[in-house]
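Structural features, examined
The residues making up each chain are set out below.
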Amino acid sequence: MTYSFTKDGLCSFLIRYHSLDCFDKLAGESGIITLFRRIGSVQYDPLNVVGRNPHLVLQSRIKNFTMDILDKLLYQDRVLVDAWDKEMSIYRTEDWPYFKRIRKCMEESRKHTLAWRGQSEVLSYTSQVLKKLKDSGPLGATDIDLGKCRPGRWGHRKIAGAAFDYLFSKGELGVYKKRNTQKTYDLIQNLLPERIIKSPDPFDSNDDFYEWYFLRRIKSIGVHWLRNGGGWNGYYLSDSRLRKQVFDSLEKKGLIERIEIPEINETFYICQQDMDLFYIKPEYDNYARVLAPLDNLLWDRMLIQKVFDFQYSWEVYLPEEKRKYGYYVLPILYRNKIIARMEPVQQKTGNPLRIKNWWWEPNIKITKKLRNAIENGLKKFAGYLNADGIDRKALQMIFVTIQS
């Protein structure tokens, strides 16, 4: 069966699905875990201008979110874990056993990369690293001197760094704690519960795993299509032939439903258990939201362009002369529309929130309610950053740019 909805209806569904309509729905540690149960994982990126990507994802959804809450869930309570899913990610510790195949893929990928770089000798040092961790406890790569890697193509310069990376990727090490981007590692059995580490393979076959993994990726975004794109980054998922086979099976089993949007002329797919959300209107509060550059909602750039009429490219890794907007530009969401993009200034503790640039999307009408929502949203964003309010010039710039 194929269901038909309007484009506006699909936008509203996605906003409600991602809890981007009302801050009162999710709060504190329990709210974060509830969100992870729904979307599976959040992508990690080390860049920090106004928080790192996971912080930005959570501040847009979780009432009174602070960065230390995420650290507590990761490195004290250990109900969340740093691991590979869509690139480097964070997901629930309970999901660890389901990723055995991904960790095996990562192990083989790292071996191939080391060979390509001419650094395969790193593998002969891994037993030494494991013994050192067993004897000494948590360590960072800089705490062990194993010498330098053979000069090669890119990659780690020191053997210890490459060895830690390999062992982490295959799941023998986990992150004990982080200080900024510096990781301290420990043996995974010292970090996660024994029942998780020794859990048997939850899948009877590869086909069972494929169905779980493709369903999970649909749920990470909320709705997806068969077209290639960033939303399908990852092992197995990027295989378009496998994707079609798995979708056919999922559809026959009634686990996914087809969605057609006449204004877009595309077929989308949604998990059957989420269909009810299409018939529940979002409960919008009067806050605009600053979205993360790698927000789950934005994982497939073409899908977002089709659905939200918003063309977004994260230009942080482009040379300055090739950027259309700026270095670290973040989308601004209001209700079920992405209305603007903002380039914040690097935030320093105790300073007000400063904005370098602001670009409105076409045909945005500035109403008193919208203006209040933007001010409310930016005040909340400044609070998340422990900033000293909002720089007065920033608000002046925002509302002058609509006239220029």
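Scroll up a little and you will see the structure.
Computed from a predicted structure; not experimentally measured.

For the chain, the count of helices and strands is 13 helices and 12 strands. A compact globule built from 404 residues should have a C-alpha radius of gyration of about 22 Å, and the chain, at 22 Å, falls within 12% of that. A principal-axis box enclosing the C-alpha atoms of the chain has dimensions of 65 × 55 × 40 Å. When burial is assessed residue by residue, the chain has 52% of its 404 residues classed as buried. Sequence-distant contacts, at least 24 apart, represent 63% of the contacts inside the chain between residues at least 6 apart. Just so you have it, the chain exposes about 19500 Å², and 46% of that area is on carbon and sulfur atoms. Between the mean site of the 65 positive side-chain charges and the mean site of the 50 negative ones, the chain shows a separation of 4 Å.

Hydrogen bonds between backbone atoms are what pair the strands of a sheet, whose relative direction is either parallel or antiparallel. Strand order in this open sheet of 4 strands is β9-β10-β11-β12, and the pairing throughout is antiparallel. With one partner strand each, in any of the chains shown, β9 (289-290) and β12 (355-360) form the two edges of the open sheet. Helix α12 (residues 368-384) contacts β9, β10 (330-334), β11 (337-344) and β12 of the sheet and is inclined by roughly 145° relative to β12.

Right, let's get into the state of the cysteines. Counted by the stated rule, this structure contains 0 disulfides. Not engaged in a disulfide, the cysteine C11 finds its nearest cysteine sulfur in C271; these two sulfurs lie 19 Å apart.

Let us now look at unusual backbone geometry. Within the chain, D309 stands out as a residue other than glycine whose phi angle is a positive 55°. Mapping D309 onto the fold places it in the loop between α11 (301-308) and β10. The class for D309 is exposed, based on a relative accessible area of 53%. Notably, R335 is not glycine yet its phi reads approximately 55°, a positive angle. Among the structural elements, R335 can be located in the loop between β10 and β11. Note on R335: relative accessible area 33%, which makes it partly exposed.

What counts and what doesn't
Residues numbered from 1 in each chain as written. Predicted model: local features only at pLDDT ≥ 70, side-chain atom pairs only at ≥ 80, totals over all residues. Heavy atoms only, no water. Helix = DSSP H or I, 4+ residues; strand = E, 2+ residues; numbered from the N terminus. Rg over C-alpha atoms; globule rule 2.2 N^0.38 Å. Buried < 20%, exposed > 50% of the residue type's maximum accessible area, 1.4 Å probe, protein only. Contact = heavy atoms within 4.5 Å. Areas by Shrake-Rupley, 256 points an atom, 1.4 Å probe, with all protein chains shown as cover. Lys, Arg positive; Asp, Glu negative; His and termini not counted. Charge placed at Lys NZ, Arg CZ, Asp CG, Glu CD. Pairing = 2+ DSSP bridges. Axes fitted to C-alpha atoms, helices over the stretch in contact; angles between N-to-C directions. Disulfide = S-S within 2.5 Å.

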